[in-house]
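If you want the building blocks of each chain, they are given just below.
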Amino acid sequence: LYRRRWIFDADPLHTAPGFKANIYRSERGTVCIPVIRDMTRIPNRKNASESKLEVRTSDIENLKKLTVWEVGKEPVELPFERNEKGYITFTLNADFTVGLVELES
């Protein structure tokens with residue numbers, strides 16, 4: 001997140017309960033969202049722990065790739081959808097605790 005810049009678009013990020021996140025533009029122009037689970041979860045309850053996030057910025061209409069980076073794991077590309085309000089929506093898996101979501105246009 002070196003040389004990151006805050007994104008000040010109107011209402012750019014919605015997180016699921018139990019998560020905290022911020023939204024930045026990286027030096028390369030990608031959108032970076034550091035995410036942390038701030039509530040403990042009950043082990044082996046995948047359905048209760050999966051969480052949907054929504055992102056909308058002024059230039060997100062050409063989104064090509066959404067990657068999740070977690071410590072000690074290989075980066076994973078996630079599928080995403082667009083909802084009727086113009087948000088990109090995606091779901092973090094049940095074992096996610098802390099990481100970085102990167103959106104590339």
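Residues numbered from 1 in each chain as written. Predicted model: local features only at pLDDT ≥ 70, side-chain atom pairs only at ≥ 80, totals over all residues. Heavy atoms only, no water.

(A) Main features of the side chain of T89. With respect to the helices, strands and loops of the structure, T89 is situated in strand β10 (residues 88-92). Residue classification places T89 among the buried positions, given a relative accessible area of 7%. (Helix = DSSP H or I, 4+ residues; strand = E, 2+ residues; numbered from the N terminus. Buried < 20%, exposed > 50% of the residue type's maximum accessible area, 1.4 Å probe, protein only.)

(B) A look at the nonpolar core. Among the nonpolar cores identified, the biggest contains 20 residues, and I33, V35, V55, L92, V101 and L103 are the most heavily contacted of them. Setting aside residues no more than four positions away along its own chain, V55 makes contact with P12, L13, I23, I33, I60, G86, Y87, I88, F90 and L103. (Core = buried A, V, L, I, M, F, W, Y, C linked by side-chain atoms within 4.5 Å. Contact = heavy atoms within 4.5 Å.)

(C) View of the environment of S51. Looking at the secondary structure, you find S51 in strand β6 (residues 51-55). Among the residues examined, S51 registers a relative accessible area of 4% and is labelled buried. Taking the C-alpha atoms as reference points, S51 and F96, separated by 45 residues in sequence, lie 9.2 Å from one another.

(D) Region of interest: the pairing of strand β7 (residues 65-70). Pairing analysis gives six bridges linking β7 to strand β11 (residues 98-104), with the strands arranged antiparallel. Its bridge partner being in β11, T67 is matched across the sheet by E102. The turn joining β7 and strand β8 (residues 76-77), which pair antiparallel and follow one another in sequence, is formed by five residues; a positive phi near 80° is taken by G72. (Pairing = 2+ DSSP bridges.)

(E) Region of the structure containing the environment of A16. As for its position among the elements, A16 is in the loop between β2 (13-14) and β3 (19-21). Taking relative accessible area as the criterion, A16 reaches 11% and is therefore assigned buried. For the pair formed by A16 and L53, sequence separation is 37 residues and the distance between their alpha carbons is 6.2 Å. When sequence neighbours within four positions are dropped, the list of residues in contact with A16 reads S51 and K52.

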